[in-house]
Amino acid sequence: MITQSTHFYVRIKPDLKKSFDDFFPHMSTHYITTAKLFDKSKRYPVLAVEKVTVFTKESSEVESARFLIPTENGNFVWIQAELFEFAGFSCDEESQGE
């Protein structure tokens, strides 16, 4: 089996409260606080994707993913994918094809 991969870019969703409500109770409010490390007008490269299983208070399981993304303060952070939206395959705003 041949597997191909490519990098892609994401941006913080414009309405983080809605993202939280849509995924609640599976997403910690800590992620919304961490989202402040990103500029809503910028695109960020996803450096890696990690499949995760989130356990709810009721002990049920939900499949999700986390992205490894560079932050505005020069660090890297694993953060819940549900906080982001797809922003294209190129770092060039003009070629994102939206």
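In case you missed it, the structure is sitting above this.
Since the model is a prediction, treat every value here as computed from it, not as a measurement.

Rules used throughout
Residues numbered from 1 in each chain as written. Predicted model: local features only at pLDDT ≥ 70, side-chain atom pairs only at ≥ 80, totals over all residues. Heavy atoms only, no water. Helix = DSSP H or I, 4+ residues; strand = E, 2+ residues; numbered from the N terminus. Buried < 20%, exposed > 50% of the residue type's maximum accessible area, 1.4 Å probe, protein only. Contact = heavy atoms within 4.5 Å. Areas by Shrake-Rupley, 256 points an atom, 1.4 Å probe, with all protein chains shown as cover. Pairing = 2+ DSSP bridges. Axes fitted to C-alpha atoms, helices over the stretch in contact; angles between N-to-C directions. Polar contact = N/O pair within 3.5 Å; in protein donor to acceptor, adjacent residues only side chain to side chain.

Participant: For the overall build of the chain, give the residues involved together with the corresponding values.
Facilitator: Secondary structure summary: the chain contains 2 helices and 6 strands in total. Secondary structure elements in the chain, listed N-terminal to C-terminal, are β-α-α-β-β-β-β-β. Buried residues in the chain amount to 39% of all 98 residues. Taking as baseline every contact in the chain between residues at least 6 positions apart, the subset at least 24 positions apart corresponds to 60%. Total accessible area on the chain stands at roughly 6500 Å², and carbon and sulfur atoms take up 55% of it.

Participant: Which residues make up the sheet that holds strand S6 (residues 84–86), and what values do they have?
Facilitator: Strand order in the open sheet made by the 3 strands is S2-S1-S6, with antiparallel pairing throughout. Since the sheet does not close on itself, it has two edges, and those belong to strand S2 (44–46) and S6, each with one partner. Each strand axis lies, on average, 50° off the axis of its neighbour in the sheet, ignoring direction. Pairing of strand S1 (residues 8–12) with S6 involves 3 bridges; the strand directions are antiparallel. Of the residues in S6, the one forming a bridge with Val-10 is Phe-86.

Participant: So, the environment of Lys-42: which residues are in play, and what are the values?
Facilitator: Structurally, Lys-42 can be placed in the loop between helix H2 (29–34) and S2. For the pair Lys-42 and Cys-91, spaced 49 residues apart in sequence, the C-alpha to C-alpha distance is 10.0 Å. When neighbours within four sequence positions are excluded, Lys-42 is seen to be in contact with Val-10, Arg-11 and Glu-72. Side-chain polar atoms of Lys-42 contact the side chain of Glu-72, separated by 3.0 Å.

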